[in-house]
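Observations on the model geometry
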There are 2 protein chains.
Amino acid sequence: MSAPRTARERARAELTQAIKDTARRQLADVGSRALSLRAVARELGMVSSAVYRYFASLDELFTALIMDAYNAVGEQAELADTEAREAGATPAERWLAVSRAVRAWAIAHRHEYELLYGTPIPGYAAPQDTIAAASRTPFTLVRICNDAIAEGATFPADRPTVTPDLFDENMTGLVNDPTFAYPGRIVLAWSGLIGVITFELFGQFNGVITDFAAYFDYTARATAAELGLT
Amino acid sequence: MSAPRTARERARAELTQAIKDTARRQLADVGSRALSLRAVARELGMVSSAVYRYFASLDELFTALIMDAYNAVGEQAELADTEAREAGATPAERWLAVSRAVRAWAIAHRHEYELLYGTPIPGYAAPQDTIAAASRTPFTLVRICNDAIAEGATFPADRPTVTPDLFDENMTGLVNDPTFAYPGRIVLAWSGLIGVITFELFGQFNGVITDFAAYFDYTARATAAELGLT
DNA sequence: ACAAAAATGAGAGCACTGCTCTTGACGCTC
DNA sequence: GAGCGTCAAGAGCAGTGCTCTCATTTTTGT
């Protein structure tokens, strides 16, 4: 990611980006299963073996696309939350705004969404950078809850909670809630949010729901209510 | 599905099953992306073109595997619920039992689960039969709620609800609840259940949760509580 | 019982894929 | 300007899904 110093480095950086861009374009057309390194090379007017100078394998190209996609959806989520917060929205309204932003991105970038939350690519091993990029969206949800707690929100009583020992160490201090009622429920809310979007995109709601957008809003509101957000 | 009358029909039925079985075996080994019709034919000692007499395309073979998988997990769900009910379990306990059964099946048949709830196979068009098979598991959850309603359970007050017009017509009469509070929430619970299992299987919980089984039980209990099941 | 019809398996072949290796040309550094 | 590292290109390998043709076998109709 360092700045290109020589002409060759600049050309390399540009071509690397061009490969990713055309790959992303073809991904939108044919889906991840049919994405072909040779077709990408063809569209760029180069021979297939030349692409291997930039990505050692198709899996590596996929990994790069996944990284970019995690950052893209994370950026949308952060943006939606920041805008809502600056407009004076309540935590519940911010939750809805972020949920909508994630869904909108998923619909607009269906096949990139599949890369993130669909069947994992077998040869793809998530490096440390990927984890950070993947955390941007859920951390946005955590931020909303932390702000709500700071404003005096409390977790609804009489609901199942979870002990902190089920969670990884680096998760325990994330939410400002010593009872750990929030963190356990936030993770469930997060997986539920992706679950609803996935069901809609992957056709599990066909023949069940007719108005996807309206139903999604309901799910987001219901989830926020279950977190005690108002 | 009619009974084989001639020897050729019997041989055809057996070979069709043998192809599916070895395909399922190879699927467990290499995953759906690497499943090869030629490799299946090789293992069966036949030439690849012969397999096309039984499945017109790889997509058609996938469709058959998907049908079988939907029925397999649905059967496990129904079995778990029936056993729990006959043992005198409460609706909440039955919900937990069914949830656990689905998760257990998913872990034991990872790649078949991917076929059902992961990225859809592009060339696969769900016929009417597939919808019926896919409905077995969620209908089991509906049955639990109906039994609970029959026993006098009521939907928790002060929670967001949804109007019936968002749902397909053939869904409206499914749950014995004129207010339609249950159906909207059941669908969310269903997608949430699959969302949690998918997150665990697809690695989204790596670095977040350590004790998957314990956390899953919590999510199932929390979901049951949100439906007002006791 | 015998011929026509249908179904089946084998093989060759096409177009495509990911990936490797070698070759020759170019740009950068000293 | 010489030497080195990087680069695109091409050939080639093993594998894929799928189609076509050609015998062989089984079922069916008369």
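Residues numbered from 1 in each chain as written. Chains lettered and ligands numbered in written order. Predicted model: local features only at pLDDT ≥ 70, side-chain atom pairs only at ≥ 80, totals over all residues. Heavy atoms only, no water.

Named according to an unreviewed UniProt entry, chain A is AcrR family transcriptional regulator originating from Phytomonospora endophytica.

A separate point is the packing of aromatic side chains. Counting across every chain of the model gives 22 aromatic pairs over all chains. Relative to B:Y182, the ring of B:F155 lies with its centre 5.2 Å away and its plane at 75 degrees, an arrangement referred to as edge-to-face. With B:F155 in the loop between helix 8 (136–150) and helix 9 (181–201) and B:Y182 in helix 9, this residue pair connects regions lying 27 residues apart in the sequence. When sorted by exposure, B:F155 lands in the same class as B:Y182, which is buried. With a centroid separation of 5.0 Å and an interplanar angle of 70 degrees, the aromatic rings of B:F167 and B:F180 are classed as edge-to-face. With B:F167 in the loop between helix 8 and helix 9 and B:F180 in the loop between helix 8 and helix 9, this residue pair connects regions lying 13 residues apart in the sequence. With respect to burial, B:F167 and B:F180 carry one shared label: buried. The structure contains a cluster of three or more aromatic residues connected by ring pairs, namely A:Y70, A:Y113, A:Y117, A:F167, A:F180, A:W190, B:F199, B:F205, B:Y215 and B:Y218. (Phe/Tyr/Trp six-rings, centres within 6.5 Å; stacked < 30°, edge-to-face > 60°. Helix = DSSP H or I, 4+ residues; strand = E, 2+ residues; numbered from the N terminus. Buried < 20%, exposed > 50% of the residue type's maximum accessible area, 1.4 Å probe, protein only.)

Now for the environment of B:A18. Of note, B:A18 is situated in helix 1 (residues 7–30). Sequence separation of B:A18 and B:D177 is 159 residues, and the distance between their C-alpha atoms is 45 Å.

All names here are of chain A. For chain A, the assigned domains read domain 1 (1–56) and domain 2 (58–227). Distance from the C-alpha centre of domain 1 to the C-alpha centre of domain 2: 30 Å. Contact residues are listed per partner, giving 13 residues for domain 1 and 10 residues for domain 2. Considering only the side of domain 1, the residues that lose the most area to domain 2 are R24, L27 and F55, jointly responsible for 37% of the buried surface there. For the interface between domain 1 and domain 2, the tally reads 2 salt bridges. Residue D68 pairs with K20 through a salt bridge whose shortest N-O separation is 3.0 Å. Between domain 1 and domain 2 we count 5 residue pairs in polar contact (both at pLDDT 80 or more) in total. Considering each element in turn, the side of domain 1 that touches domain 2 owes the most residues, 6 residues, to helix 1 (residues 7–30). (Domains from an automatic or database assignment. Contact = heavy atoms within 4.5 Å. Buried area = accessible area lost by both parts, 1.4 Å probe. Salt bridge = Lys/Arg side-chain N within 4 Å of Asp/Glu carboxyl O. Polar contact = N/O pair within 3.5 Å; in protein donor to acceptor, adjacent residues only side chain to side chain.)

Per the UniProt annotation, the sites labelled "domain: HTH tetR-type" (unreviewed entry) are residues 13–73 of chain A. Between the C-alpha atoms that bound residues 13–73 of chain A there is a distance of 23 Å. The span itself is 74% helix and 0% strand. (UniProt positions renumbered as here; feature names shortened; annotations may be inferred.)

On to the protein's contact with DNA strand C, then. What surrounds DNA strand C is a group of 23 residues, the closest being A:L37, A:R38, B:R12, B:S49 and B:R53. Of everything in DNA strand C that lies within 4 Å of the protein, sugar and phosphate atoms constitute 47%. Contact between DNA strand C and A:R8: a phosphate oxygen at 3.3 Å from a main-chain N or O atom of the residue. Contributing elements (two or more residues each) for the surface near DNA strand C: helix 1, helix 2 (37–43) and helix 3 (48–51) of chain A together with helix 1 and helix 3 (48–51) of chain B. Looking at side-chain class alone, the surface near DNA strand C contains 10 nonpolar, 6 polar and 7 charged residues. (Near = heavy atom within 4 Å. Nonpolar A, V, L, I, M, F, W, Y, C, P; charged D, E, K, R; others polar.)

Let us look at the protein's contact with DNA strand D. The immediate surroundings of DNA strand D are formed by 23 residues, with A:R53, B:L37, B:R38, B:Y52 and B:L58 found nearest. Protein-proximal atoms of DNA strand D, defined as those within 4 Å of the protein, fall in sugar or phosphate at a share of 52%. One of the side-chain N or O atoms of A:R12 is found 3.0 Å from a phosphate oxygen in DNA strand D. In the model, a phosphate oxygen of DNA strand D is placed 3.1 Å from a nitrogen or oxygen of the B:A7 main chain. When residues of the surface near DNA strand D are traced back to their parent elements, those giving at least two are helix 1 and helix 3 of chain A together with helix 1, helix 2 (37–43) and helix 3 of chain B. Per-class residue counts for the surface near DNA strand D are 10 nonpolar, 6 polar and 7 charged.

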